[in-house]
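Observations on the three-dimensional arrangement
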Amino acid sequence: MSDTGNSLPPGMVLVEGADGPFGETVRSGPHVLRADEPVEAGGNDSGPGPYAYLLAALGTCTAMTVRLYARQKKWPLTDVRVRLSHDRIHATDCAECETREGRIDRIEKVIELVGQLDDGQRQRLLQIAERCPVHRTLVSEIRIESRLA
C-alpha cells in the first residue's frame, strides 16, 4: 500500500495514531503500513505488531544481502526464504550470553537457500547472512535518543 501524497524524506519513518487502542499508521517515504497488537493483547489485529516488523526488517535485510552476494559471485541461488521468531528466555538458559540474570531476547533465524549450491557456497552465504546491516545493528551497541518535539 502506498500514498504518494504524504512522502517523507529517505531514512525517516513517522508513526502516528490510528484506529483502536494500539493501532498505528507507519509512514516511510511514499509507503503507508499498519501496525497493531493481536486481539488477545487488546488490539484489533489490523496489522503486524512491533516485533513482527523488527523480524521483517532482519529477514528482508538478510535475504537481500545473501541475494546480492550470490549475484555478485554468479552463484546459482534461485531463492532465499528466511523464517524468524522472537521470544524471551531466561538468561541462565543461554550458555554463550554475557547476561546471567533475568530474561534476554532471542531471535531465531532459519535461512533456506534454494538453488544448486555446493556446501562451501551454502556455508559462505550463511556467514554473509550474519553481515547484513540490520543483523549487525541488532548485535551491536545501540544508542537511542528520545526527545520531545
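In this report, the structure presented in the accompanying data block is examined. (Residues numbered from 1 in each chain as written. Predicted model: local features only at pLDDT ≥ 70, side-chain atom pairs only at ≥ 80, totals over all residues. Heavy atoms only, no water.)

**Describing unusual backbone geometry**
Positive phi outside glycine occurs at Asp45, with the angle close to 55°. One can find Asp45 in the loop between β3 (31-35) and α1 (50-73). Located in the positive-phi region is Lys74, a residue other than glycine, with phi close to 60°. On the secondary structure map, Lys74 appears in the loop between α1 and β4 (77-90). (Helix = DSSP H or I, 4+ residues; strand = E, 2+ residues; numbered from the N terminus.)

**What about the packing of α1 against helix α2 (residues 119-129)?**
Axis separation between α1 and α2 bottoms out at 9 Å; the angle between their running directions is 135°. With respect to their mutual orientation, α1 and α2 come out oblique. When you trace α1 past α2, the crossing you get is right-handed. Taking contact as the criterion, the partners of Thr62, Thr65, Val66, Tyr69 and Ala70 in α1 are, on α2, Arg124, Leu125, Ile128 and Ala129. (Axes fitted to C-alpha atoms, helices over the stretch in contact; angles between N-to-C directions. Parallel < 35°, antiparallel > 145°, perpendicular 65-115°, else oblique. Left-handed = near helix turned anticlockwise from the far one by under 90°. Contact = heavy atoms within 4.5 Å.)

**Examining the pattern of salt bridges**
Here the structure, examined in full by the defined rule, presents eight salt bridges. Measuring nitrogen to oxygen at the nearest pair gives 2.9 Å for the salt bridge that ties Arg143 to Glu145. Residue class for Arg143 comes out exposed when judged on its relative accessible area of 71%. Taking relative accessible area as the criterion, Glu145 reaches 60% and is therefore assigned exposed. (Salt bridge = Lys/Arg side-chain N within 4 Å of Asp/Glu carboxyl O. Buried < 20%, exposed > 50% of the residue type's maximum accessible area, 1.4 Å probe, protein only.)

**Regarding the pairing of strand β2 (residues 24-28)**
For a regular strand, side-chain orientation follows a simple rule: the groups alternate between the two sheet faces. Where strand β1 (residues 13-17) and β2 come together, five bridges link them in antiparallel fashion. Along β2, the bridge assignment pairs Glu16 with Thr25. Connecting the antiparallel pair β1 and β2 is a turn made up of six residues, with Gly20 showing a positive phi of about 80°. Strand direction decides the pairing type here: β2 and β3, joined by five bridges, are antiparallel. By the bridge assignment, Arg27 is partnered in β3 with Val32. What sits between β2 and β3 in their antiparallel hairpin is a turn of two residues, with Gly29 showing a positive phi close to 55°. (Pairing = 2+ DSSP bridges.)

**Side note on a nonpolar patch on the surface**
The grouping of Tyr51, Leu54, Ile107, Leu138, Val139, Ile142 and Ile144 at the surface amounts to a nonpolar patch, some 660 Å² of accessible area in total. Those elements that place two or more of their residues in the nonpolar patch are α1 and α3 (133-139). The topology assignment puts Leu54 in helix α1. Take Leu54: its relative accessible area is 30%, and that puts it in the partly exposed class. (Patch = residues over 30% accessible without salt bridge, like charges linked within 9 Å, V, L, I, M, F, W, Y side chains within 5 Å. Areas by Shrake-Rupley, 256 points an atom, 1.4 Å probe, with all protein chains shown as cover.)

**What about the nonpolar core?**
Membership of the largest hydrophobic core is limited to 11 residues, which are Ala63, Val66, Tyr69, Ala70, Leu77, Val80, Leu113, Leu117, Leu125, Ile128 and Ala129. Residue assignment for this core shows that the elements contributing at least two residues are α1, β4 and α2. Of the residues forming this core, the biggest block, four residues, is contributed by α1. Beyond its immediate stretch of four places on either side in the chain, Leu117 contacts Trp75, Pro76, Leu77, Arg122 and Leu125. (Core = buried A, V, L, I, M, F, W, Y, C linked by side-chain atoms within 4.5 Å.)

**A short note on α1**
Compared with an ideal rise of 1.5 Å per residue, which puts 24 residues at 34 Å, α1 spans 35 Å between its outermost C-alpha atoms and is within 8% of the ideal. Taken together, the buried positions of α1 are occupied by Leu55, Leu58, Gly59, Cys61, Thr62, Ala63, Thr65, Val66, Tyr69 and Ala70. Lys74 occupies a position one or two residues after α1 and carries a positive phi of about 60°. (Expected span 1.5 Å × (residues − 1).)

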